[in-house]
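Results of the structural survey
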Amino acid sequence: MAVVMNFVLSITDIVTITEVLLFSMTQVGFVNKLVNFHRNSRKVATLDELISQDIFTRVTVAEMDIMKTSFQRCQKVLNIFLVSCFGVTLLYGVVPAVNGIMTGTKMYPFPGKFPFNPDDYFVLIYGGEVATVAVSAWNNGAMDCLFTKHTVIATTLFRILRKKIKDLHYNTNEGERPLENRIKHCVRYYNEIIKYVSAIENIFAYGILVQFMCSAIVICLTGFQLLVVASESGQSGLLVVYLFCMMFQLVLYCWYGHMLMEESNRITEACYAINWHEMKIGQQKMLITIMERAKKPIALKALGIFRLNLSTLMTILRSSYSYFAVLQQIYRK
């Protein structure tokens, strides 16, 4: 409410308006993700149920190594993201205080206006604003990490499926029936991965769509604020870290969504890589079933509109730059 009041009172000041919109759009994206998450909170538990099935939990040592490697790499990336979120929260609390001491005025983290004199309750309001930034960053980052980890699990399952298919080398000593059972297992494994990915998309799709639209605006506004803010105020350092954090958040969705799509595309290659020509006709037909399904790549979408891949990432960044160029021209005039 304080931020909205500031927007109304500063409707002719483009610098203040962009600063207010920068904060507001960040919160709009976060609140939409939070509402969507709570609305689908019961469905989130189904994701754990899906990956707890015997078909996924009975793994070999080699498959366990694939899982460990994927999860360790993912955790390192998420640690960097969480550190950047912590850095933004810390700077939001420190930079206004330092600037206030240097200028001899009382400054606040948020660009807000109050119907009373906030300086009378400076410590209370300042601490409350920093606390809200911390809570927002923690919950926002937690939802991003939850989505990323489920996407990495799905990607890892596709890698394991490719290994299962490559291990389907025809062995005359094994007999026809055991090989056929292993192919059927791969078909069931594939179907369960598809169900799992569909569940991820159904839960997070709406929040991701709003996040993408808000991110394009936030990145643009952050760049514009960097253009107009005084570098010696320390605010520029906060904006740089904030810009890095917002772009990192966007990359998490698009990069891991792209990796999932790439792994699903490699299923057909895995089927071709084995000596399928030595199999029985019935076994070849089951392989064809897998290959036909693999012709349509498994891709996560933001409410069926945007695919989560690197192409979408570049589209958002280009849009952000276009908005930035327009704002820059308006500001110069």
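Refer to the structure printed above.
Presented here is an overview of the structure given in this document. Fair warning: this is a prediction, and the values are worked out from it, not measured in the lab.

Reading guide: rules and limits
Residues numbered from 1 in each chain as written. Predicted model: local features only at pLDDT ≥ 70, side-chain atom pairs only at ≥ 80, totals over all residues. Heavy atoms only, no water. Helix = DSSP H or I, 4+ residues; strand = E, 2+ residues; numbered from the N terminus. Rg over C-alpha atoms; globule rule 2.2 N^0.38 Å. Buried < 20%, exposed > 50% of the residue type's maximum accessible area, 1.4 Å probe, protein only. Contact = heavy atoms within 4.5 Å. Phe/Tyr/Trp six-rings, centres within 6.5 Å; stacked < 30°, edge-to-face > 60°. Polar contact = N/O pair within 3.5 Å; in protein donor to acceptor, adjacent residues only side chain to side chain. Arc of directions from axis to C-beta. Expected span 1.5 Å × (residues − 1). Bend = angle between axes of the 7 residues up to and from the residue. Disulfide = S-S within 2.5 Å. Axes fitted to C-alpha atoms, helices over the stretch in contact; angles between N-to-C directions. Parallel < 35°, antiparallel > 145°, perpendicular 65-115°, else oblique. Left-handed = near helix turned anticlockwise from the far one by under 90°. Nonpolar A, V, L, I, M, F, W, Y, C, P; charged D, E, K, R; others polar.

As for the overall build of the protein chain
Assigned secondary structure in the protein chain consists of 11 helices and 2 strands. Listed N to C, the secondary structure of the protein chain is α-α-α-α-α-α-α-α-α-α-β-β-α in terms of helices and strands. Compactness check: the protein chain gives a C-alpha radius of gyration of 25 Å against a globular reference of 20 Å for 333 residues, more than 25% above the reference. Along the three orthogonal principal directions, the C-alpha set of the protein chain runs to about 85 × 40 × 35 Å. By residue count, 46% of the 333 residues in the protein chain fall in the buried class. When contacts within the protein chain are restricted to residue pairs at least 6 apart in sequence, long-range pairs at least 24 apart make up 80% of them.

Digging into the packing of aromatic side chains
Applying the stated rule across the entire model yields 11 aromatic pairs. When the centroid spacing of 5.2 Å and the interplanar angle of 65° are considered together, the rings of Tyr 108 and Phe 122 count as edge-to-face. You can see Tyr 108 sitting in the loop between helix 5 (61–103) and helix 6 (122–166) and its partner Phe 122 sitting in helix 6, a full 14 residues away along the chain. Owing to a relative accessible area of 17%, Tyr 108 belongs among the buried residues under this scheme. Relative accessible area serves as the criterion here: at 24%, Phe 122 is assigned to the partly exposed category. Plain terms: the ring middles of Phe 212 and Tyr 253 are 6.2 Å apart, the flat faces sit at 85° to each other, and that makes the pair edge-to-face.

Remarks on the environment of Tyr 253
Residue position: Tyr 253 is located in helix 8 (residues 235–265). Given a relative accessible area of 4%, Tyr 253 falls into the buried group. For the pair formed by Tyr 253 and Leu 239, sequence separation is 14 residues and the distance between their alpha carbons is 22 Å. A polar side-chain atom of Tyr 253 sits 2.4 Å from a polar atom in the side chain of Asp 144.

Description of the side chain of Glu 180
Within the secondary structure layout, Glu 180 lies in helix 7 (residues 176–228). In this structure Glu 180 touches Gln 283 and Met 286, once residues within four positions along its chain are discounted.

As for helix 3 (residues 41–51)
Within helix 3 the residues assigned to the buried category are Val 44, Leu 47 and Leu 50. End-on view of helix 3: buried residues confined to an arc of 110°, all on one side of the axis. Among the exposed residues of helix 3, those oriented more than 90 degrees off its buried face are Arg 42 and Glu 49.

A closer look at helix 8
With 31 residues, helix 8 extends 45 Å between its outermost C-alpha atoms, agreeing within 8% with the 45 Å of an ideal straight helix rising 1.5 Å per residue. Of all the bends found along helix 8, the most pronounced is centred on Val 251 and spans about 25°.

Focus: the state of the cysteines
Tallied over the entire structure, the rule returns 0 disulfides. Cys 220 carries a free sulfur, and the closest cysteine sulfur to it, the one in Cys 214, is 13 Å from it.

Some remarks on the packing of helix 5 against helix 8
Packing of helix 5 against helix 8 brings their axes to within 9 Å, and their N-to-C directions diverge by 155°. As judged from the angle between their axes, helix 5 and helix 8 are roughly antiparallel. In this structure, the crossing between helix 5 and helix 8 has a hand that is left-handed.

Details of the packing of helix 2 (residues 14–39) against helix 8
How two helices pack is summed up by the angle between their axes together with the distance between the axes. Between helix 2 and helix 8, the least distance of the axes is 13 Å, while the angle of their chain directions is 30°. Crossing angle aside, the handedness with which helix 2 passes helix 8 is left-handed. Each of Leu 22, Thr 26 and Lys 33 in helix 2 lies in contact with helix 8, whose residues at this interface are Leu 239, Tyr 242, Gln 249 and Tyr 253. Classifying every residue of the contact of helix 2 with helix 8 gives 4 nonpolar, 2 polar and 1 charged.

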